[in-house]
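# Structural characterization, general
Spelled out, the chains give:
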Amino acid sequence: MRHSYSPGRVFLMALLFIGAAPLFWQRVEFNPTGVGEARENADLYQYVYPTYFYGSARLKAGEIPQWNPQQNCGTPYLADVRAGVFQPLNALFLVMPTQRAMAMHAFVSLTLMGVFFALFARSIGLSYAAALIGGLAYAFSGASAAAMSRPALAATLAWAPFVFWTVGEFVRYTRSAIAVMAGLGFAALILAGAPALAIVMTLLLAAYVAVTFGAVPERERLRDLGRCGVGLLLSFALALAVSAVQWAPSVAWIANGGAFDASFWNMHAAAQSPSTLVDLLRQLPMARPGTLPRLAYFGIATLLLVPAAFAHRPLRRYVILFGVTVLVSFGAMLVDPSVVPGGFPPLSFAYAGVFSVATLAAIGADRLLTVRREGVRPGPWVPAALVFLAALLLFVMFPGQVRGYVLAFLAILLFFLAIRRRWAAAVAGFLFAFLLFIDLVSATDDSYSHPYQDAPQCYARYEEAVRVAREQSVGGRTLVLAPPLKTHLPGNLGMISGLRLVGGRDLPETAALRKWRERALGTEGKEATPALLNYASTRVLLISSESAPPAGKGLFLRQLPTQGDLSIHLNENALPRAYWVPYCRTADGVDAALDVLTEPAFDNTRLCVVDPSVQDARALGTLPAAPVQPLPPETPAWRDAPCSIQDVSPEQVNVSVTAPRAGIVVLADTYTHGWEVAVDGVRCPLLRVNGAFRGVVIPEGRHEVTFRYRAQSFELASALSIATLALVSALGAAGLYRAEHQGSVTPNSHSGSSQR
């Protein structure tokens, strides 16, 4: 059965969600007295704001942000799939300040969640009133509220119902235009930057496709089986091709030595997450506000409508599918994340559960609001009885506000049962929706601040200290030592302030650089070796009052005037960011290289360490190996051949040097796949020196060394994405032309026939 979409009613629903979205978000997220430094929202200040600020600034300047030189001694920006550079909704960050764009992104995402879910509900045969109720339950639940301040999660949740809607319509009608829409929507979902959530929703989508195809009449099913399967495969291929520009660099990064951890899955949501079955059962009906949104709160009206869904016989396939999904999702939410392989977050299953609960509530509303028509059976009495039993249970078990919502719901239901006309169903559906919205708005709260409230002012708190660090670093780097809760001094400050930082927070880094950082700072219970910081050109340390300077030998720190609760230290032992040495020693692997660097007799003014296990064989025969230690004092040191460095762009660094003899130019920037080096325009092998950085062998004399980042994975993926979009656009234009041409010819032929 084909389900119509009234433009007027869809437009009216869209207006309702457009108005409801900012009201809900302002009530939940905008707290004038919110707590600023809190673990639950620290990632907004530490990661989200700096990442989107840097990426949008590069795009506004007409540049694709392939490399980020401000953090982690350099890190591949596009390898971070969470940044969502090419997500359509992130275009908002190009036209307004980052903090306002974060709020507007939430408004748009909430609106799209509601509208797209309503279209999905309509596609499975539900009434407009039921679709509106389901859209509200999906867009404004506690789990959705917890995700709205995270653009990647919000965008994924916004595009998910669109994909379900278009894929379902294609399975029913197998039209190529719908398959293209589904593929583009799926691509937008992948581009959002929440891979864990995308994987879970894809699994649910596959089950939904199977159930929907099973509901097609047998004759049509056999006829369209091949066409449907091919169309879905092409739709999926289209999605992968269009989104390749974002996922391919990330996959290539991990395949070529990038460190992988749980942050890749990007599932941080500020919410009260149930840890036990008892917690889960308590969250479902409790309407008391807290410090954070409750992940399992869907509203009292939603809970009362779900039982009615099990009396909807025509849609029993969907009821079983989404009912099982709810049980599986809630069970997965209670799993300890530490026992999941690969760090995959069980929290991602919660959103499949939210989608399923909202669908069941919409189906229940459709079944409950059965109007009185001649010969229509069955009536609303069975679902009404189930609803009354659920209402009685909630009324007895939970006092206070829950009882108020239960009584209001029952009053609306009795009004409808007494009349059972089409207009009464519309009125009752609207009242149910209004009651649900009031419930969700009043029951959900986030007491922690949002960058919309205080950014960028919060980052200006240490503006003077940043200025001093920029002046004193002299082209070198800064190390920020502050706890994660100190949002005024984030670990990713470099992307906001322009400082070049040694470290970063939750950013891509090579496995070698991670080992180097852990060894230098003594993380994870290991003893610190701060002398390694010299090799990263760490000239300035910004240390908050809650932290302490690195303990151990190797640094020569001179404290500068303190800026408030922030101390500034100048490291006199730091090596330049680019320097020349006449000799090298070899060491296989990062650990061996770090052992050599920390030897008491190692002379870092004349030596570097090269890892031969990752080098081009052509370079090994030209390495100026060091003679027996110690080196003669008359051996030239890096001060005898100062390097002049020019950052042409984040993706290109030029170094000028006049070497008294053959040697190695060292650049204290991250060594990773994608970087190339040329000496006087001639490409040369790139060396991994000092454990995690770059170097190149040069002959005696004056030379121009050019380091250039060229991520082939991005180039190939972007070409594929652009070509795919161009092909889809061309085919769409051709289809429109044929339709217009046929439309202009047909009337003439008809008129000719009539004349004859």
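The coordinates are above.
For the structure given in this document, a descriptive report is provided here.

## Examining the overall build of the chain
For the chain, the helix and strand inventory stands at 23 helices and 17 strands. What you see for the chain is a C-alpha radius of gyration of 31 Å, in line with the 27 Å of a compact globule of 756 residues. Considered along the principal axes of its C-alpha atoms, the chain spans approximately 105 × 75 × 40 Å. Expressed as a percentage of the 756 residues in the chain, the buried residues total 58%. Of all intrachain contacts in the chain linking residues separated by at least 6 positions in sequence, the fraction that spans at least 24 positions is 75%. Taking the average place of the 59 positive charges on the side chains of the chain and the average place of its 48 negative ones, the gap between the two points comes to 13 Å.

## Brief notes about the layout of surface pockets
There is about 990 Å³ of room inside the second largest pocket. Surrounding the second largest pocket, 39 residues form its lining, Asp43, Met267, His268, Ala269 and Leu347 being those nearest its centre. Elements with a minimum of two residues in the lining of the second largest pocket: helix 2 (42-60) and helix 6 (151-173). Broken down by element, the residue count for the lining of the second largest pocket peaks at six residues, all from helix 2.

## A look at empty space enclosed by the protein
Within the structure shown, the criterion is met by five cavities of 30 Å³ or more. As a volume, the largest cavity reaches approximately 150 Å³. Lining the largest cavity are 16 residues, and of these Trp253, Ala259, Ser263, Phe264 and Pro508 lie nearest its centre. Of the residues belonging to the lining of the largest cavity, the class tally is nine nonpolar, two polar and five charged.

## Describing helix 12 (residues 316-333)
With 18 residues, helix 12 extends 26 Å from end C-alpha to end C-alpha; this agrees with the ideal 26 Å at 1.5 Å per step. Of all the residues in helix 12, the buried ones are Tyr318, Val319, Leu321, Phe322, Gly323, Thr325, Val326, Ser329, Phe330, Ala332 and Met333.

## Some remarks on the sheet that holds strand 10 (residues 644-649)
Strand order in the open sheet formed by five strands is 10-11-17-13-14, with antiparallel pairing between adjacent strands. The sheet terminates laterally at strand 10 and strand 14 (682-684), the two strands that pair on one side only. Direction aside, neighbouring strands of the sheet carry axes that sit 25 degrees apart on average. As defined by bridge partners, strand 11 (residues 652-659) adjoins strand 17 (residues 701-709) across eight bridges and the pair is classed as antiparallel. Looking at strand 17, one finds that Thr658 is bridged to Arg702.

## Thoughts on the packing of aromatic side chains
If you walk through the whole model with that rule in mind, you get 42 aromatic pairs. Taking the centre distance of 6.4 Å and the plane angle of 40 degrees together, the rings of Tyr208 and Phe322 count as tilted. Highlighted residues: Tyr208 in helix 8 (residues 195-215) and Phe322 in helix 12, separated in sequence by 114 residues. With respect to burial, Tyr208 and Phe322 carry one shared label: buried.

## A closer look at the environment of Val245
Along the chain, Val245 falls in helix 9 (residues 218-255). Between the alpha carbons of Val245 and Asp611 there is a distance of 32 Å; along the sequence they are 366 residues apart.

Cut-off values and rules
- Within each chain, residues carry numbers counting from 1 in the order of the written sequence.
- Given that this is a predicted model, residues contribute local features only at a pLDDT of at least 70 and side-chain atom pairs are listed and counted only at 80 or more, while totals for whole chains, interfaces and linings are drawn from all residues.
- Hydrogens and waters are ignored; side-chain quantities use all the structure's heavy atoms.
- For the purposes of this entry, the term helix denotes a DSSP run of H or I that reaches at least four residues, the term strand denotes a run of E that reaches at least two, and both are numbered from the N terminus.
- In this description the radius of gyration comes from C-alpha coordinates, and the expected globular size is given by 2.2 Å times residues to the power 0.38.
- A simple rule labels every residue: compare its accessible area, found with a 1.4 Å probe on the protein chains alone, to the largest value its type can have, and call it buried under 20%, exposed over 50%, or partly exposed in between.
- Contacts: residue pairs with any heavy atoms within 4.5 Å of one another.
- Here Asp and Glu are counted as negative and Lys and Arg as positive; His is not counted, and neither are the chain ends.
- The atoms used to mark charge sites are NZ of Lys, CZ of Arg, CG of Asp and CD of Glu.
- Buriedness of a pocket was judged along seven lines, with at least five required to meet protein on both sides within 12 Å; pockets are open sets of points on a 1 Å grid over the protein atoms alone, cavities are sets where a 1.4 Å probe fits but cannot get out, and lining residues have an atom within 4 Å of a point.
- Grid points are joined across faces, edges and corners, and a volume is the space filled by probe spheres set on the points.
- Basically, the charged four are Asp, Glu, Lys and Arg, the nonpolar ten are Ala, Val, Leu, Ile, Met, Phe, Trp, Tyr, Cys and Pro, and anything else, Gly included, counts as polar.
- A helix's residues, less one, multiplied by 1.5 Å, set its expected span.
- What makes two strands pair is DSSP finding at least two bridges between them.
- Fitting a line to C-alpha atoms yields each axis, with helices limited to the stretch in contact; the angle taken between N-to-C directions then spans 0 to 180 degrees.
- By convention, a stacked pair of Phe, Tyr or Trp rings (six-membered ring in the case of Trp) has centres within 6.5 Å and planes under 30 degrees apart, an edge-to-face pair has planes over 60 apart, and any other such pair is tilted.

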